[in-house]
Amino acid sequence: MPYEPIEINRTPKIDSLYKDLSTLIEKSKQKVISQAKSTVNLLFWQIGKRINDGILNNKRAEYGKQIVPNLAGMLSAEYGRSFEEKNLRRMLQFAECFPEKKIVVPLARQLSWSHIIILLPLKSSEEKLFYAQRAIDESLGKRDLRALIEKKTFERTKIANTQISKKSKIPLDTFKDPYLLDFLGLQNAYLEKDIEEAILRDLENFILELGKGFAFVERQKRMIIDGDDFYLDLLFYHRKSKRLVAIELKIGKFQAKYQGQMKLYLKWLNRYERQSDENEPIGLILCAGDSREQIELLEMDKDGIMVAEYWTELPPKEKLEEKIRTLLLEARERIKARQLLDDK
């Protein structure tokens, strides 16, 4: 029998109650979807682990080659395409990459199987977990997750982290090095004010490159010190670490004098702008070129200062990957050298 709509006598009380009930229903629907996603992901992990254990226990390579196609044929015939050989091998890889259930459970609950498939080809467990956590924290879709990976966000974050010592005021994973600002469309010859204006024209993409949690506060922040005017290029707020972030833009290589300038700005912000529930401000100096040894010797992280390069033009994908890989290797070598000196 077709549903016949009834006449509704709407009142403010009925509207309010309807709104509350709608909220309950929507939350329940989301919970059902989340639980279904978690159940499927855990099932796939358990299947992968069970097959992996069976292959290891048998200890015959030939057995491993035979078992997956045979099982895939039997399972897909009974339970559908999700259990075809290609996906079954992904399940094996999932269980191999994440052998501990305590790590798998939160991933299974908060990521889709499509997200997990994107993570599987990554080289190290650390890299997989880094991007998994980003996808969870930032509610990333598949496209956005792929974009983070293609832009080598993990490697660039690790390069920045090499500036951070045990006594650093800067939380790990706050910054990157280098920053990819190709979207600004800057030509070969430009001034610091050109970079600032280009950033403000495309503030949304700049904040995306900084990372989730950064909120724009002010440009050319005026500070009066001893009767003189000083101007900070850009001021942001980082919600996760609850602090102001000062950003200075430089068109050349880093120079040691930039440290004193940023340190002065941070002291002023700490005295006059910091709220009672906030942490100490930190600073980011963005330079067109690096001066790695100067940066290492100055140990600016202890004053809450990070220095990073920015690139306004990107090389082709393969060269970009190679360049980032080289920078990361060099950064790790510097850490090893520093540790050797500290141990002496």
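Our subject in this report is the structure included herewith.

Thresholds, definitions, all that
- Residues numbered from 1 in each chain as written.
- Predicted model: local features only at pLDDT ≥ 70, side-chain atom pairs only at ≥ 80, totals over all residues.
- Heavy atoms only, no water.
- Helix = DSSP H or I, 4+ residues; strand = E, 2+ residues; numbered from the N terminus.
- Buried < 20%, exposed > 50% of the residue type's maximum accessible area, 1.4 Å probe, protein only.
- Contact = heavy atoms within 4.5 Å.
- Salt bridge = Lys/Arg side-chain N within 4 Å of Asp/Glu carboxyl O.
- Axes fitted to C-alpha atoms, helices over the stretch in contact; angles between N-to-C directions.
- Parallel < 35°, antiparallel > 145°, perpendicular 65-115°, else oblique.
- Nonpolar A, V, L, I, M, F, W, Y, C, P; charged D, E, K, R; others polar.
- Core = buried A, V, L, I, M, F, W, Y, C linked by side-chain atoms within 4.5 Å.

**So, the overall build of the protein chain**
Helix and strand counts for the protein chain come out as 13 helices and six strands. Within the protein chain, the proportion of its 344 residues that are buried is 41%. In the protein chain, the proportion of contacts linking residues at least 24 apart, taken out of those at least 6 apart, comes to 61%.

**Remarks on the pattern of salt bridges**
Overall, the coordinates contain 20 salt bridges when judged by the stated rule. The closest approach of N and O atoms between Asp53 and Lys49, which form a salt bridge, is 3.2 Å. Of the two residues, Asp53 and Lys49 are both situated in helix H1 (residues 12–58); the distance of four residues between them amounts to about one turn of the helix. According to the relative accessible area criterion, Asp53 is partly exposed, its value standing at 30%. Residue Asp303 is joined to Lys263 by a salt bridge in which the shortest nitrogen-to-oxygen separation is 3.9 Å. Taken together, the residues Asp303 in the loop between helix H12 (292–298) and strand S6 (305–311) and Lys263 in helix H11 (residues 257–272) connect sequence positions 40 residues apart.

**Overview of unusual backbone geometry**
In this chain, Asp177 is followed by Pro178 through a cis amide linkage whose omega measures 5°. Take Pro178: it is sitting in the loop between helix H8 (153–161) and strand S1 (179–180). Look at Gln220: it is not a glycine, yet its phi comes out positive at around 45°. For Gln220, a relative accessible area of 30% gives the class partly exposed. Phi at Asp226 takes a positive value of approximately 55°, unusual for a residue other than glycine. Of note, Asp226 is situated in the loop between strand S2 (214–225) and strand S3 (228–238). Asp226 sits in the exposed class, given a relative accessible area of 76%.

**A closer look at the packing of helix H6 (residues 125–137) against H8**
Where H6 meets H8, the axes come as close as 10 Å, and the angle between the chain directions of the two elements is 100°. With respect to H8, the element H6 is oriented roughly perpendicular. Mapping the contact onto sequence places Glu126, Glu127, Phe130, Tyr131 and Arg134 in H6 and Thr153, Phe154, Glu155, Thr157 and Lys158 in H8. Here the contact of H6 with H8 is built from residues that sort into three nonpolar, two polar and five charged.

**Observations regarding the nonpolar core**
In terms of nonpolar packing, the biggest core is built from 36 residues, with Phe94, Leu111 and Tyr131 touching the most fellow members. Where this core is concerned, the elements lending two or more residues are H1, helix H2 (61–79), helix H3 (85–97), helix H4 (101–110), helix H5 (113–119), H6 and helix H7 (142–150). Counting residues per element, this core draws most heavily on H3, which supplies six residues. When neighbours within four sequence positions are excluded, Phe94 is seen to be in contact with Asn41, Trp45, Val104, Trp113, Ile116 and Leu120. In terms of nonpolar packing, the next biggest core, distinct from the first, is built from 27 residues, Ile164, Leu184, Phe236 and Ala308 among them.

**Topic: the side chain of Asp301**
Examined against the element boundaries, Asp301 turns out to sit in the loop between H12 and S6. Residue contacts for Asp301: discarding those within four places in its chain leaves Gln163, Ile164, Ser165, Ser168, Lys169 and Ile170.

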